[in-house]
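# Tertiary structure, described
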Amino acid sequence: MDYNNNFEHKMYAHCETGTLVSLLNNAGYKITEAMVFGLASGIFFGYLDTKVFSFPTFIVRSKPGEVRKNLSKVLNIKLKTFKFKDADKGMQKLDNLLAEGKVVGAQVDFFYMDYFPQWMRVHNNVHFINIIGKEGNDYIISDSYNREIAKLDQSLLKKARWAGGNMAPKGFLYYPEKLNPDVDLKKLIPKTIKKAARNMLNLPLSFIGVKGIYKFADKLKTWSKQVRDIEHFSHEIIKINILLEEQGTGGAGFRYMYAAYLKQAGEIMNSSVLNEMSEQIMQIGDDWRNISYFAAKIGKNRDLGEDRIAELSEMIRKQGDAEKIFFTKLKKVY
Amino acid sequence: MTKNNNELTLEIAQLLIDSLNITHVEAKDVNITTPLFSEENELELDSVDAIEIVVAIQRAYGIRINSELPTREILNSIQSIADFLIKENATEKVA
């Protein structure tokens, strides 16, 4: 394959952070996925019940693209970005960048990534990949969800980059243009930790952060009145597991990834307190995983009576309590 | 006594069968390298089963599967689960 031979492909837990880590590591800036996520204050919670979504849902991380933007700002690195109205111009630009020997990050619709088996592929407009070369009509793809470097036909890549709908990629490309070798992590870490805690505790919106977890717990009890039938209800309850565990979260709705960040941050800061906080969010993650397990089980068995939903709601409410205590303590560390 | 790879993979296959109440196949007949969530796998799993497998392994071997290594890589096949347990020095059941 015709691509930058020095490029090291690795699997990562999440596509956005994984793509970013790969791009930075391959540009010579060594950083871990957990550090990228933590420095970008990616940990989050939001209960979303708006017309944009056909049914209430929730997020467990900052919105797609925010990790990249925040990391760039925090580390003072320049990530050159492009969006295109004209697909042909957007494909030509990609070819030009590859010809210059650049590895390029791209936003795509996951559905067109045909190196994954068909049963895995669903439409998701915010999948990120790295494009590392071109061979004939095929692009050479490093996808952090795939074990190997893969090939993707140019017509499929074009469809994937210009898929329509919510969060459409619009041909989005990016690459690191300027790195900052003088990053003082000891100065940055306290700021990013405070920001994450503020996001979880102090944003003045009832559906965001810890307040969002409580809202989720309350509103879950009304879902039975919003669903079409038991199949729909089962699907929505199983989706709780999918959102917490399966969408590249690193497990437990990114709580394990944030725990890994606090552990690494503790080593850098020589702080036993951060190490303890890492253990605490890891345990909170274990409880989110139990929620995933419970939701998957009752959803699969169609065991969705009022008592079961109340039980699930109570488990989520307790997570609100646990995260409120955790982020309040975390905010006071620095 | 340390288990060899055959013993460990057979044990994992049996754990999956028991925890997911699978009745149509025996542990010895499960291919240990076929991707777990592919149509070719004898266990006929769907993606909802992933969390049950994660929890079953965690409980049985007393370990935590978290983001240090992507879960999807660990759960790729019975062999990859065995490789993970060997790497974590957690091949003995605790429950």
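Here, every reference points to the structure presented above.
In this report, the structure presented in the accompanying data block is examined. (Residues numbered from 1 in each chain as written. Chains lettered and ligands numbered in written order. Predicted model: local features only at pLDDT ≥ 70, side-chain atom pairs only at ≥ 80, totals over all residues. Heavy atoms only, no water.)

Across the contact, 23 residues belong to chain B and 25 residues belong to chain A. Note on chain B versus chain A: buried area summed over both sides is about 2100 Å², and carbon and sulfur give 55% of it. Inspection of the chain B/chain A interface yields three salt bridges. Between Lys-297 of chain A and Glu-52 of chain B there is a salt bridge; the shortest N-O distance is 3.3 Å. Taken together, the connections running from chain B to chain A amount to seven residue pairs in polar contact (both at pLDDT 80 or more). Those elements giving two or more residues to the side of chain B that touches chain A turn out to be α2 (49-61) and α3 (71-74) of chain B. The element best represented in the side of chain B that touches chain A is α2 of chain B, accounting for eight residues. When its residues are assigned to classes, the side of chain B that touches chain A shows eight nonpolar, seven polar and eight charged. (Contact = heavy atoms within 4.5 Å. Buried area = accessible area lost by both parts, 1.4 Å probe. Salt bridge = Lys/Arg side-chain N within 4 Å of Asp/Glu carboxyl O. Polar contact = N/O pair within 3.5 Å; in protein donor to acceptor, adjacent residues only side chain to side chain. Helix = DSSP H or I, 4+ residues; strand = E, 2+ residues; numbered from the N terminus. Nonpolar A, V, L, I, M, F, W, Y, C, P; charged D, E, K, R; others polar.)

Now for the environment of Ala-197 of chain A. All names here are of chain A. Structurally, Ala-197 can be placed in helix α6 (residues 185-201). Residues Ala-197 and Val-210, 13 residues apart in the sequence, show an inter-C-alpha distance of 9.9 Å. Sequence-distant contacts of Ala-197, defined by excluding residues within four places in its chain, comprise Asn-202, Phe-327 and Lys-331.

This brings us to the environment of Ile-281 of chain A. Residue and element names in this part refer to chain A. Checked against the element boundaries, Ile-281 lands in helix α11 (residues 272-300). Overall, the relative accessible area of 0% leaves Ile-281 in the buried class. It is 35 Å that separates the C-alpha atoms of Ile-281 and Val-103, two residues lying 178 residues apart in sequence. (Buried < 20%, exposed > 50% of the residue type's maximum accessible area, 1.4 Å probe, protein only.)

Moving on, we get to the nonpolar core. Core analysis: the largest hydrophobic core is formed by 107 residues, its most contacted members being Met-113, Ile-237, Ile-240, Tyr-261, Leu-262 and Leu-312 of chain A. Of the residues forming this core, the biggest block, 10 residues, is contributed by α11 of chain A. Of the residues that make up this core, three or more belong to each of domain 1 (4-30 + 78-178) and domain 2 (189-331) of chain A. Residue contacts for Ile-237 of chain A: discarding those within four places in its chain leaves Leu-220, Trp-223, Ala-295, Ile-298, Gly-299, Leu-304, Ile-309 and Leu-312 of chain A. Listed in part, the 32 residues of the second largest apolar core include Ala-56, Tyr-61, Ile-63 and Ile-81 of chain B. (Core = buried A, V, L, I, M, F, W, Y, C linked by side-chain atoms within 4.5 Å. Domains from an automatic or database assignment.)

Honestly, it's all geometry; don't read function into it.
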